[in-house]
Amino acid sequence: MFAHVERHVDALKTNRTGDERQTDAEVFDRQTLMVIYDFMTGGLIDTVHHPISTGKEGNVFYCTDEDGEPLALKIFRTSTSTFKRVSKYIEGYPRFKGAAGTRPRMIYTWTNKEYRNLQRYYEADIPVPEPIAFRKNCLLMEYIGDETGPAPQLKDVSLDDPTEMYDEVVSFIIDGYRDAHLVHGDMSEYNILVWEGEPVLIDCGQAMTADFYNAKEFLMRDIVNVNRFFANRGADVIDPETIMEETLREGDDEEDEE
Ligand SMILES: Nc1ncnc2c1ncn2[C@@H]1O[C@H](COP(=O)(O)OP(=O)(O)O)[C@@H](O)[C@H]1O
Ligand SMILES: [Mg+2]
């Protein structure tokens, strides 16, 4: 079975340096290979190609399905650093009662949380990668980009009209709150990709529902981060308090049921 998976995981092939293989061994533990195997036998993916991104907490891989269509597979590391970051968001979180516990279990909960947050944003028409499947520490989603490469992060894009892009991103904050009842919590030029001139919001694991006890602090932090980046790019930015008021304005923001 593992031989089958390995044939379809380019990153496990032998023409790689020692360092690269070290990273791969950490990411592709037995459990993760089992999940990849399930995704393959379930017809979701055919081949895992190269990593798009190698981060502290996990890697994102470029994959293709049987028709050669691209997909993005985010694999969370079940390591101590991820666990530490994740646990402070999950403990005391009503949507995930009973999730505290062993390290792998908490990472699985985190993966589930990112999947559900993507779903909420997607259903509210906020541009995010469409979530496709999750299992254990693996999240499969729509790939943003094309065969020549993934969409660049906002920080690496030169903007013809920074104010226009800014307004789009501010609408992610406001509509994200009002329509998806979510505060992203880590909104920045790193977690926004730009594809065909349009911003796409990613990295939604830490997003919290509007009823989370310090959601408003995170909301303000997102606003301040976005304003700082766009002010530097010469955009005509709106006062943070005004964005905050617009976001929290009474109207269709009924209580969250979860
Ligand atoms: N669906 C996707 N399509 C294309 N590239 C992606 C996708 N998701 C993530 N990436 C790339 O991988 C990087 C890391 O993903 P992210 O979700 O931000 O994880 P983290 O920051 O926790 O490592 C992103 O900055 C982006 O370059
Ligand atoms: Mg990120």
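Please refer to the structure higher up on the page.
Remember, predicted model here, so these are calculated numbers, not experimental data.

**Student:** Got a minute to help me understand helix α3 (residues 30–41) in this structure?
**Tutor:** Residues lying three or four places apart along an α-helix face the same way, a consequence of the helix completing one turn every 3.6 residues. Spanning 12 residues, α3 covers 16 Å between terminal C-alpha atoms, matching the ideal 16 Å at 1.5 Å per step. Residues of α3 that are buried: Thr32, Leu33, Val35, Ile36, Phe39 and Met40. One face of α3 carries all of its buried residues, which in axial projection span an arc of 160°. What points out from α3, more than 90 degrees from its buried face, is the exposed set Arg30 and Thr41. Backbone geometry just downstream of α3 places glycine 43 in the positive-phi region, at approximately 80°.

**Student:** Help me understand the site of ligand 1 in this model?
**Tutor:** Near ligand 1 you find 17 residues, and of these Lys74, Glu142, Ile144, Gln153 and Asp203 are the closest. Taking lysine 74, its side chain carries an N or O atom lying 2.7 Å from an oxygen atom of ligand 1. At a separation of 2.9 Å, a nitrogen atom of ligand 1 approaches a polar backbone atom of isoleucine 144. Cavity membership is defined here by more than half of the atoms lying within 2 Å of grid points; on that basis ligand 1 lies in the largest pocket. Elements with a contribution of two residues or more to the shell around ligand 1: β1 (47–54), β3 (70–76) and β5 (138–142). Among the residues forming the shell around ligand 1, the class breakdown is 11 nonpolar, three polar and three charged. Here the shell around ligand 1 spans two domains, since at least three of its residues come from each of domain 1 (2–142) and domain 2 (150–248).

**Student:** Is there a simple way to think about a negative patch on the surface in this case?
**Tutor:** Among the surface-exposed residues, Asp160, Asp161, Glu164, Asp167, Glu168, Glu196, Glu198 and Asp236 lie close enough to one another that they form a single negatively charged patch. Counting residues per element, the negative patch draws most heavily on helix α6 (residues 162–178), at three residues. Within the secondary structure, glutamate 198 is located in strand β10 (residues 198–201).

**Student:** Where do I start with the packing of helix α7 (residues 215–232) against helix α8 (residues 240–248) in this structure?
**Tutor:** Packed helices, taken two at a time, are described by the angle between their axes plus the distance between the axes. With their axes 10 Å apart at the nearest point, α7 and α8 run at an angle of 135° to one another. By the angle between their axes, α7 is oblique relative to α8. At the point where α7 passes α8, the crossing takes the right-handed sense. Contacts between α7 and α8 involve Lys216, Leu219, Met220, Ile223 and Asn227 on the former and, on the latter, Pro240, Glu241, Ile243, Met244, Thr247 and Leu248. For the contact of α7 with α8, the residue count by class is seven nonpolar, two polar and two charged.

**Student:** I'm lost on the pattern of salt bridges in this one. Help?
**Tutor:** Side chains that differ in sign of charge can pair as their charged atoms come close. By the definition in use, this model includes six salt bridges. Between lysine 155 and aspartate 156 there is a salt bridge, with the nearest N and O atoms lying 3.1 Å from each other. According to the relative accessible area criterion, lysine 155 is partly exposed, its value standing at 29%. Where glutamate 189 meets arginine 228, a salt bridge forms, and the shortest distance between an N and an O atom there is 3.6 Å. Taken together, the residues glutamate 189 in the loop between β8 (182–183) and β9 (192–195) and arginine 228 in helix α7 connect sequence positions 39 residues apart.

**Student:** Any chance you could explain the packing of aromatic side chains here in plain terms?
**Tutor:** Two numbers describe a pair of aromatic rings. These are the distance of the centres and the angle of the planes. Tallied over the entire structure, the rule returns five aromatic pairs. Taking the centre distance of 4.8 Å and the plane angle of 45° together, the rings of tyrosine 115 and phenylalanine 134 count as tilted. Remark: phenylalanine 134 occurs in strand β4 (residues 131–135) and tyrosine 115 occurs in helix α5 (residues 103–123); sequence separation between them is 19 residues. Phenylalanine 134 sits in the partly exposed class, given a relative accessible area of 32%. Taken together, the ring pairs connect Tyr166, Phe229 and Phe230 into an aromatic cluster.

**Student:** Sorry, what's going on with the coordination of the magnesium ion (ligand 2) here?
**Tutor:** Ideal values differ by geometry: the angle at a metal is 109.5 degrees with four tetrahedral donors, but 90 or 180 degrees with six octahedral donors. Donor atoms from the polypeptide that bind the magnesium ion (ligand 2) are Asn191 (OD1) and Asp203 (OD), placed at 2.1 to 2.2 Å. Of this pair, asparagine 191 sits in the loop between β8 and β9 while aspartate 203 sits in the loop between β10 and β11 (208–209); the two residues are 12 residues apart in sequence, bridging distant segments of the chain. Under the relative-accessibility criterion, asparagine 191 is labelled buried at 7%.

How each quantity is defined
- Residues numbered from 1 in each chain as written.
- Chains lettered and ligands numbered in written order.
- Predicted model: local features only at pLDDT ≥ 70, side-chain atom pairs only at ≥ 80, totals over all residues.
- Heavy atoms only, no water.
- Helix = DSSP H or I, 4+ residues; strand = E, 2+ residues; numbered from the N terminus.
- Expected span 1.5 Å × (residues − 1).
- Buried < 20%, exposed > 50% of the residue type's maximum accessible area, 1.4 Å probe, protein only.
- Arc of directions from axis to C-beta.
- Near = heavy atom within 4 Å.
- Polar contact = N/O pair within 3.5 Å; in protein donor to acceptor, adjacent residues only side chain to side chain.
- 1 Å grid on protein atoms, 1.4 Å probe; cavity = no way out; pocket = protein on both sides within 12 Å on 5 of 7 lines; lining within 4 Å.
- Sits in = over half its atoms within 2 Å of the grid points.
- Nonpolar A, V, L, I, M, F, W, Y, C, P; charged D, E, K, R; others polar.
- Domains from an automatic or database assignment.
- Patch = residues over 30% accessible without salt bridge, like charges linked within 9 Å, V, L, I, M, F, W, Y side chains within 5 Å.
- Areas by Shrake-Rupley, 256 points an atom, 1.4 Å probe, with all protein chains shown as cover.
- Salt bridge = Lys/Arg side-chain N within 4 Å of Asp/Glu carboxyl O.
- Lys, Arg positive; Asp, Glu negative; His and termini not counted.
- Charge placed at Lys NZ, Arg CZ, Asp CG, Glu CD.
- Axes fitted to C-alpha atoms, helices over the stretch in contact; angles between N-to-C directions.
- Parallel < 35°, antiparallel > 145°, perpendicular 65-115°, else oblique.
- Left-handed = near helix turned anticlockwise from the far one by under 90°.
- Contact = heavy atoms within 4.5 Å.
- Phe/Tyr/Trp six-rings, centres within 6.5 Å; stacked < 30°, edge-to-face > 60°.
- Donors = N, O, S within 2.8 Å, 3.2 Å for Na, K, Ca; no water.

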